[in-house]
Amino acid sequence: MAEWLGRALQKLVQRFESARRLFLKTLFVKKMQIVFFVFYKHLKKSYLCISLQLSMKIYPIETGNFKLDGGAMFGVVPKVLWQRTNPADSNNLIDMALRCMLIEDGNRLILIDTGTGNKQSAKFFSYYYPFGDFTLDKSLAKYGFHRNDITDVFLTHLHFDHCGGSIQWNKNRTGYEPAFKNAKFWSNADHWQWATVPNPREKASFLKENINPMKISGQLNFLEIPTQGNFAKNTSLGFDVLFVDGHTDKQMIPHITYQGKTLVYMADLLPTVGHIPLPYVMGYDTRPLLTMDEKAAFLNKAADKNYYLFLEHDAVNQICTVKHTEKGVRLKDTYSFNELFN
C-alpha cells in the first residue's frame, strides 16, 4: 500500500511539474506576443509618421515685394541701429517680402497666408510701393499647381498683407468672391471678432472686402483655441499652432515637422532677421510689451530646440536659425529654402 501510494504521489508530482512547465512556457509565449504586439504598434506608428513626413512636400510661395517705413517697422529703435540689417532708401522705406508657404500633404494642399492680392486701387498700392515680378499664380504654377487646387487657406491673421490675396473681384467687378473656390479658409473665433469689429489703431489694416466674403461664401472655418496655454497640438490641419497676442489678437504661428526639422512660419511675430533682438518691435503692434515677452519665450525655445524660422517678410532671407549669446538670443545662420530641403 505504501509503495503504491509513493508511486501515485510521484506521478502526481511529475504531472504537476509538466503542468507548471507548460504554464510557464505558455506564459512566456503570451508575454512575447504582448511585447511583439506593443513593439509592432510603435514600429507601425513610427513608420506611419515617417511615411507621412516623406510624403509631405513644402514650397515657398513668393507673392510679391513692397516697401514700408523703416521707423514704423522698428518702433522706438533708432535708425542708426536698425538700418544695419534693413537698409532704407532715400524715403526711409525698407524692402519687404510677401512670402507664403504651400504644404502638399496627401490629398490636401494648404496655403499659409495669401499676400496682398491685386484688387485694391492704384492709390492704395501707391502707399506701399510694390515691386518685382513675383505673383501668387506664377509661384503656384512654378510647382505645377493652380489656385483651384488649394484645399485649405490658413490665415495667420487678417491684416491686408496676409489675407488680401484670399478675395478677388468677381467677373463683372461688381463685388467680391473667394480667390480659392475649392478651399476652406481658416481663422479663429477671437481673431475674427477682433478683425470684424476693429479698434481705431488697426482699422486701416482690417479691410472688410478682404474679410467678409469668406464668411458670406460659407467657406470660413475656425481653428479651436486651446483652453489651457497658448499652444495647440495636432490640429486638424496636420501641424501645431502657437497663439500670440502682441502684434494683434490671436495671431497664429504654425509649427510644421518636416524632413526631421521643426519649421516655424513666423508671420509678424518675427518679420525679418533684423527683429530678433527683443526691443526691436514693430510700431504696428497693439501690445508691444506683450510682443517682447512672447518673442523672448519663443526665441529661447527656438534656440534650445534648433527651430528653423520661415520668414514671411524678410526680402533677403527665407529661413534663419537663432542661438543663445551673452547678449541674449541672436541670429545663428540664414538659409534659402532649397539649401535645407529637397
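Structural notes, computed from the coordinates. (Residues numbered from 1 in each chain as written. Predicted model: local features only at pLDDT ≥ 70, side-chain atom pairs only at ≥ 80, totals over all residues. Heavy atoms only, no water.)

## Some thoughts on the packing of aromatic side chains
Next up, step 1: Tallied over the full model, the rule gives 18 aromatic pairs.
Next up, step 2: Where Phe124 meets Phe125, the ring centres are 5.5 Å apart and the plane angle is 85 degrees; that geometry is what we call edge-to-face. Here Phe124 matches Phe125 in class, with each residue buried.
Next up, step 3: Between Phe298 and Tyr307 the ring centres are 6.1 Å apart and the planes differ by 40 degrees, which places this aromatic pair in the tilted class.
Next up, step 4: Of the aromatic side chains, those joined through ring pairs into one cluster are Phe124, Phe125, Tyr127, Tyr128 and Phe160.
Next up, step 5: Sitting over the face of the ring of Tyr308, Lys261 holds its NZ or CZ atom 5.7 Å from the ring centroid.
Next up, step 6: Above the plane of the ring of Phe231 lies Lys301, whose end atom (NZ or CZ) is 5.0 Å from the centre. (Phe/Tyr/Trp six-rings, centres within 6.5 Å; stacked < 30°, edge-to-face > 60°. Buried < 20%, exposed > 50% of the residue type's maximum accessible area, 1.4 Å probe, protein only. Lys NZ or Arg CZ within 6 Å of the ring centre and 35° of its normal.)

## Considering the pattern of salt bridges
Next up, step 1: This model, assessed by the stated rule, comprises 7 salt bridges.
Next up, step 2: Asp137 is the partner of Arg147 in a salt bridge, and the nearest nitrogen-oxygen pair spans 2.9 Å. Highlighted residues: Arg147 in the loop between helix H5 (136-142) and strand E4 (152-154) and Asp137 in helix H5, separated in sequence by 10 residues.
Next up, step 3: Taking relative accessible area as the criterion, Asp137 reaches 39% and is therefore assigned partly exposed.
Next up, step 4: A single network of salt bridges, built from pairs that share partners, joins Lys67, Asp89 and Asp95. (Salt bridge = Lys/Arg side-chain N within 4 Å of Asp/Glu carboxyl O. Helix = DSSP H or I, 4+ residues; strand = E, 2+ residues; numbered from the N terminus.)

## A closer look at the nonpolar core
Most often, soluble globular proteins have nonpolar side chains that are buried together.
Next up, step 1: Of all hydrophobic cores here, the largest spans 70 residues; its most connected members are Phe154, Phe298 and Leu309.
Next up, step 2: Residue contacts for Leu309: discarding those within four places in its chain leaves Val264, Met266, Leu270, Phe298, Leu299, Ala302, Gln318, Ile319, Cys320 and Val322.
Next up, step 3: Core analysis: the next-biggest nonpolar cluster, separate from the first, contains 16 residues, Phe74, Trp82, Ile94 and Phe124 among them. (Core = buried A, V, L, I, M, F, W, Y, C linked by side-chain atoms within 4.5 Å. Contact = heavy atoms within 4.5 Å.)

## Overview of the pairing of strand E3 (residues 108-112)
Next up, step 1: Burial analysis of E3 places 4 of its 5 residues in the buried class, which makes it a mostly covered element.
Next up, step 2: What sits between strand E2 (residues 93-105) and E3 in their antiparallel hairpin is a turn of 2 residues, with Gly106 showing a positive phi close to 65 degrees.
Next up, step 3: Sheet topology note: the E3/E4 ladder contains 3 bridges and is parallel. If you follow Ile110 over to E4, its bridge partner there is Asp152. (Pairing = 2+ DSSP bridges.)

## Digging into the sheet that holds strand E12 (residues 261-265)
Next up, step 1: The mixed open sheet is built from 7 strands, whose spatial order is E9-E10-E11-E12-E13-E14-E15. Every interior strand has two partners, whereas the edge strands, strand E9 (231-232) and strand E15 (328-335), have only one.
Next up, step 2: Pairing geometry for strand E13 (residues 308-310) and strand E14 (residues 319-325), over 2 bridges, is antiparallel. The residue bridging Phe310 from the neighbouring strand is Ile319, located in E14.
Next up, step 3: On top of the sheet, helix H9 (residues 288-305) reaches strand E10 (240-244), strand E11 (251-258), E12, E13, E14 and E15; it is set at about 95 degrees to E14, its chief contact. (Axes fitted to C-alpha atoms, helices over the stretch in contact; angles between N-to-C directions.)

## Topic: the sheet that holds strand E1 (residues 57-69)
The strands making up a sheet associate through hydrogen bonds between their backbones, and the pairing can be parallel or antiparallel.
Next up, step 1: The 6 strands lie next to each other as E1-E2-E3-E4-E7-E8, forming an open sheet whose pairing is mixed. Taken across any chain shown, the strands that pair with only one partner, and hence form the sheet edges, are E1 and strand E8 (220-222). Taken pair by pair, the neighbouring strands of this sheet meet at an average axis angle of 25 degrees, ignoring direction.

## So, the environment of Asn182
Next up, step 1: Mapped onto the elements of the fold, Asn182 is located in the loop between strand E6 (176-178) and strand E7 (184-187).
Next up, step 2: Spatially, the C-alpha atom of Asn182 lies 8.2 Å from that of Asp152, the residues being 30 residues apart in sequence.
Next up, step 3: Filtering out sequence-adjacent residues up to four positions away, Asn182 remains in contact with Asn148, Ile150 and Thr151.
Next up, step 4: Of the polar contacts made by the side chain of Asn182, one reaches the backbone oxygen of Asn148; its length is 2.9 Å. (Polar contact = N/O pair within 3.5 Å; in protein donor to acceptor, adjacent residues only side chain to side chain.)

## Observations concerning the side chain of Thr116
Next up, step 1: Mapping Thr116 onto the fold places it in the loop between E3 and helix H4 (122-126).
Next up, step 2: Discounting chain neighbours no more than four positions away, the residues touching Thr116 are Leu98, Phe125, Phe160, Asp161, Gly164 and Gly165.

## Here's the deal with H9
Next up, step 1: Compared with the 26 Å implied by 1.5 Å per residue over 18 residues, the 25 Å span of H9 between its first and last C-alpha is a close match.
Next up, step 2: Here H9 has its buried residues at Thr291, Glu294, Lys295, Ala296, Phe298, Leu299, Ala302 and Ala303.
Next up, step 3: Next to the buried residues of H9 lie E10, E11, E12, E13, E14 and E15.
Next up, step 4: Note on H9: the residue one or two positions beyond its end, Asn306, has a positive phi of about 55 degrees. (Expected span 1.5 Å × (residues − 1).)

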